[in-house]
Amino acid sequence: MPIRVVLLDIEGTTTPIDFVYKVLFPYARAHVKGYLARHSDSPEVQKDFAALLALHAEDVTRGLEPPLLEGPVESVSLDRVVGYLHWMMERDSKATPLKSIQGKVWEEGYNSGNLKSEVFEDVPRAFTRWREQGIRICIYSSGSVLAQKLLFASTQFGDLTPDISNYFDTNIGGKREAESYRRISSALDSAPAETMFVSDVTDELDAAASAGLDTRLCIRPGNHPQPKSDAKIVIHTFDDILP
């Protein structure tokens, strides 16, 4: 069955890991308190706060000993919220409310010109090639859809969002869960076998493969070593995909 959709991870796949860990994450950590202080009355931020309180209760139940966070959404201490967010950042949490808040902080950074995103040099070339072949380009990342759109709109090669048809984050499900990929296929109204998922993480690829997707393991400079698997087709550049 021909490939009609290319589903891409971001970190270590379209974008260097160093940009994520040395630019984006430190920026969010440094600016999150100021952002929340300015926007704490926003309905969207209040929604994030409510989700954080629910997640905190789950962390306590699991015995993870997160920093203290209590009280109603309307009066929860900003310092305690920030302390909990920093605690999750230190653990590289993929929690949806954390990613939602990070996306909002980055939005301010991009809009102010303080942030500029980075993609590998073969990415825009591949986007043009796939688009001309009639292949849909979609993104699936643990970062929020907002953060994904901001990243591709502000690259060193310009705005790449016109090439991208759909974005998915953890609201569709975890990236190591096969059901997430079935939901994506359903949302795209495409057969799983028509979709190629490209990621730098073997566990994500295993989940996608078990849902029937074609997969490629992306090895880029700076990526974390992955377990060996004879079942994985390895690529080092998007030039190796659907040339």
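Residues numbered from 1 in each chain as written. Predicted model: local features only at pLDDT ≥ 70, side-chain atom pairs only at ≥ 80, totals over all residues. Heavy atoms only, no water.

## Considering the environment of Gly12
Where we set the bar: Labels follow the DSSP assignment, with helices taken as runs of H or I lasting at least four residues and strands as runs of E lasting at least two, numbered in each case from the N terminus. Here the term buried applies to any residue with accessible area under 20% of the maximum for its type, exposed to any over 50%, and partly exposed to those in between, with areas from a 1.4 Å probe on protein chains only. Should any heavy atoms of two residues lie within 4.5 Å, those residues are counted as being in contact.
Take Gly12: it is sitting in the loop between strand 1 (5-8) and helix 1 (17-39). The exposure class of Gly12 is buried, given its relative accessible area of 0%. Each C-alpha atom, one on Gly12 and one on His224, is 8.5 Å from the other, the two residues being 212 residues apart in sequence. Gly12 has contacts with Ile17, Asp200, Cys218, Arg220 and Asn223, leaving out every residue within four places of it along the chain.

## Quick look at the pattern of salt bridges
For the record, the criterion: Should a side-chain nitrogen of Lys or Arg be within 4 Å of a carboxyl oxygen of Asp or Glu, the pair is scored as a salt bridge.
Taken as a whole and assessed by the stated rule, the structure comprises 22 salt bridges. Across the pair Asp48 and Lys104 runs a salt bridge whose closest N-O atoms are separated by 2.9 Å. Pair noted here: Asp48 is in helix 2 (residues 43-61) and Lys104 is in helix 4 (residues 96-112), with a separation of 56 residues, a long-range link. The exposure class assigned to Asp48 is buried, which follows from its relative accessible area of 6%. With a closest N to O distance of 3.8 Å, Glu90 and Arg91 form a salt bridge. Judged by relative accessible area, Glu90 falls into the exposed class, the value being 54%.

## Digging into the packing of helix 2 against helix 4
We count it as follows: Fitted lines through C-alpha atoms give the axes, limited to the stretch in contact for helices. The angle between two N-to-C directions lies from 0 to 180 degrees. Each angle receives one of four descriptions, namely roughly parallel if under 35 degrees, roughly antiparallel if over 145, roughly perpendicular if within 65 to 115, and oblique otherwise. By convention, the crossing between two helices is left-handed when the near helix turns anticlockwise from the far helix through less than a right angle, and right-handed when the turn is clockwise.
It is the contact of helix 2 with helix 4, at a shortest axis distance of 9 Å, that shows an interaxial angle of 150°. Between helix 2 and helix 4, the interaxial angle falls into the category roughly antiparallel. Taken as a pair, helix 2 and helix 4 cross one another with a handedness that is left-handed. Here Glu44, Val45, Asp48, Ala51, Leu52 and Leu55 of helix 2 come into contact with helix 4, specifically with Pro97, Leu98, Ser100, Ile101 and Lys104.

## Observations concerning the nonpolar core
Considering soluble globular proteins, one finds that nonpolar side chains tend to be buried as a cluster. What counts here: What we call a nonpolar core is a set of buried Ala, Val, Leu, Ile, Met, Phe, Trp, Tyr and Cys residues that are connected through their side-chain atoms within 4.5 Å.
Counting residues in hydrophobic clusters, the biggest one holds 57 residues, and the most contacted among them are Leu36, Leu85, Trp130 and Phe238. Considering every element that reaches this core, the biggest residue donor is helix 1, with nine residues. With sequence-adjacent residues up to four places away left out, Leu36 is seen in contact with Val45, Phe49, Leu78, Val81, Val82, Leu85 and Ile101. In this structure, Tyr140, Phe168, Ile172 and Tyr181 belong to the second largest nonpolar core, which totals 17 residues.

## Considering the pairing of strand 4 (residues 195-199)
Our working definition: Strands pair, by our definition, only if DSSP identifies at least two bridges between them.
Strand 4 sits mainly inside the fold: five of its five residues count as buried. Of the two faces of strand 4, both are covered, the one formed by Thr195, Phe197 and Ser199 as well as the one formed by Met196 and Val198. Pairing between strand 1 and strand 4: four bridges, direction parallel. Note that in strand 4 the partner of Leu7 across the bridge is Phe197. Alignment of strand 4 against strand 5 (residues 214-218), held across four bridges, turns out to be parallel. By the bridge assignment, Phe197 is partnered in strand 5 with Thr215.

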